[in-house]
Amino acid sequence: MVEQAKATTTSAYTRREINLSLQNVSTMMLLHFAEREGVDSVFGCTSECLNSNITCLGVTYSPSSHLCKLGSWMVPTNATSQPVDTEIFFSGPFCNTRDNITLDSSGNISHCDLRGCQDEKVYTSCRDVVSTEPRVVVKLASGVVVMCDTATDQGGWTIIQKRVNGTINFQRNWTDYKNGFGDYGLQEFYLGNENIYCMTSKRNYELRIDMTFSGQSYYAKYSNFSVSSEAGAYLLSVAGYTGTAMDSLAVSHSGYKFSTPETDNDGQPMTNCASINKGGWWYGGINCCTSNLNGQYGGPTLGGLVWTPLTMASTLANCEMKIRPVL
């Protein structure tokens, strides 16, 4: 899993306490109390915030300098600040900071509740998360850090895969797909097959895939979704299609094992479907796939982000896979 991988490198970060400083963040500002140097992604930065022994309400992260700043206090934008355009800000993942801030009649902060809010709620899944933000990053009781979709189809979705612009390379090996990779801040990631297995093996889950093709939004929803353990090569079980995108997963991929270019489980002795299609997926059958959401972004139809028959001789502009416990 991505979060666990980042945690193992935490000791390598340069840690130091700093004087309180203000950074411009939208309509509010975050008062920083510490820095972490050498953090390689906003994901690692949010993990630092979650694991801080001081109440951390949010972070700012600079991709260019790999500098992570942890903050514990929100203040109005009329305070003196120095904008940093390259920084990425997260607050909602840890708690609803605005709910913990009391404003007086003039709109100034009169009280901020610093109760250690990241420990206030224990989320067993994204179904437990309520937020006015459509996307929030939270730490589940299992320790896995996930991005939740709180808006689509009544919310409660754990996003397991997201592609928007090709920033992250998805042509990865088995270990990467097992543990997960990517960056929540860049909106490109894969949660990891081991995490998906652990979630779907404990209760019944449904799957929803949202995608954009030729400027139009489509979705495919499945009432039953699970993957097996690594011993079973993360075999896919999916059924119960409804939606607007037409079924391109259950009909052609259910019952197949997961493959990556160097770990060929497609059952085709003369073909390596993962190498041909430039990604990791549940490949199989004589044609390898009718969908290929982990393929090469912006690539040709063969090896690109396809969802046949919707895309035909073209590829998707973006896609997002998400799962939710069935009530």
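Because the structure is predicted, anything quoted here is derived from the model rather than measured. (Residues numbered from 1 in each chain as written. Predicted model: local features only at pLDDT ≥ 70, side-chain atom pairs only at ≥ 80, totals over all residues. Heavy atoms only, no water.)

Q: Please clarify how the overall build of the protein should be interpreted in this entry.
A: The number of helices and strands found in the protein is 6 helices and 16 strands. Counting only residues that meet the buried cut, the protein has 50% of its 327 residues in that class. Residue pairs at least 24 apart in sequence account for 56% of intrachain contacts in the protein once pairs closer than 6 positions are excluded. Accessible surface for the protein amounts to roughly 14100 Å². Of this, 49% is attributable to carbon and sulfur atoms. (Helix = DSSP H or I, 4+ residues; strand = E, 2+ residues; numbered from the N terminus. Buried < 20%, exposed > 50% of the residue type's maximum accessible area, 1.4 Å probe, protein only. Contact = heavy atoms within 4.5 Å. Areas by Shrake-Rupley, 256 points an atom, 1.4 Å probe, with all protein chains shown as cover.)

Q: Before we go on, may I ask you to explain the state of the cysteines in this structure?
A: Linking two cysteines covalently through their sulfur atoms gives a disulfide. On inspection of all chains with the given rule, the structure shows 2 disulfides. Bridging Cys126 to Cys148, the disulfide has an S-S length of 2.0 Å. On the sign convention where negative is left-handed, the bridge of Cys126 and Cys148, at about -70° about the S-S bond, is left-handed. Of the two residues, Cys126 is situated in the loop between β7 (109-112) and β8 (135-139) and Cys148 in strand β9 (residues 145-149); the sequence distance between them amounts to 22 residues. With relative accessibility at 0%, the residue Cys148 sits in the buried group. Between Cys273 and Cys288 runs a disulfide, and the two sulfur atoms are separated by 2.0 Å. When the S-S torsion is -75°, as for the bridge of Cys273 with Cys288, the disulfide is left-handed. Of this pair, Cys273 sits in helix α6 (residues 273-277) while Cys288 sits in the loop between α6 and β16 (318-325); the two residues are 15 residues apart in sequence, bridging distant segments of the chain. As far as burial versus exposure is concerned, Cys273 and Cys288 are alike and both buried. (Disulfide = S-S within 2.5 Å.)

Q: Help me understand helix α4 (residues 193-200) in this model?
A: If you check which residues of α4 are buried, you get Asn193, Asn195, Ile196, Met199 and Thr200. Buried residues along α4 cover an arc of 160° about the axis, so they all sit on one side. (Arc of directions from axis to C-beta.)

Q: How should I be thinking about the packing of aromatic side chains in this particular structure?
A: Aromatic rings in a pair are described by how distant their centres are and how their planes are angled relative to each other. Tallied over the full model, the rule gives 11 aromatic pairs. Measuring from centroid to centroid gives 5.1 Å for Tyr177 and Phe181, while their planes differ by 90°, and the two rings are edge-to-face. Taking relative accessible area as the criterion, Phe181 reaches 5% and is therefore assigned buried. With centroids separated by 6.1 Å and ring planes inclined at 25°, the aromatic side chains of Phe181 and Tyr190 adopt a geometry described as stacked. According to the relative accessible area criterion, Tyr190 is buried, its value standing at 1%. Feature note: the residues Phe170, Trp174, Tyr177, Phe181, Tyr190, Tyr234, Phe258, Trp281 and Trp282 constitute an aromatic cluster, connected by ring pairs. (Phe/Tyr/Trp six-rings, centres within 6.5 Å; stacked < 30°, edge-to-face > 60°.)

Q: Just to check I follow, could you spell out the pattern of salt bridges for this structure?
A: Pairing between side chains becomes possible if they bear opposite charge and their charged atoms approach one another. A full pass over the atoms with the stated rule returns 15 salt bridges. In this structure, Arg135 engages Glu320 in a salt bridge whose closest nitrogen and oxygen atoms are separated by 2.9 Å. Residue Arg135 is located in strand β8, and its partner Glu320 is located in strand β16; the two are separated by 185 residues in the primary sequence. Here Glu320 falls in the buried class, since its relative accessible area comes to 4%. Where Asp153 meets Arg324, a salt bridge forms, and the shortest distance between an N and an O atom there is 3.5 Å. (Salt bridge = Lys/Arg side-chain N within 4 Å of Asp/Glu carboxyl O.)

Q: Just checking my understanding: could you explain the environment of Ala151 for this structure?
A: Relative to the elements of secondary structure, Ala151 occurs in the loop between β9 and β10 (157-163). Sequence-wise, Ala151 and Glu133 are 18 residues apart; in three dimensions their C-alpha atoms are separated by 7.9 Å.

Q: Is there a simple way to explain the side chain of Ser125 in this structure?
A: Topologically, Ser125 is positioned in the loop between β7 and β8. With residues up to four places along the chain from it excluded, the contact list for Ser125 reads Leu140, Arg203, Tyr205 and Pro325.

Don't take any of this as a statement about function, it's just geometry.
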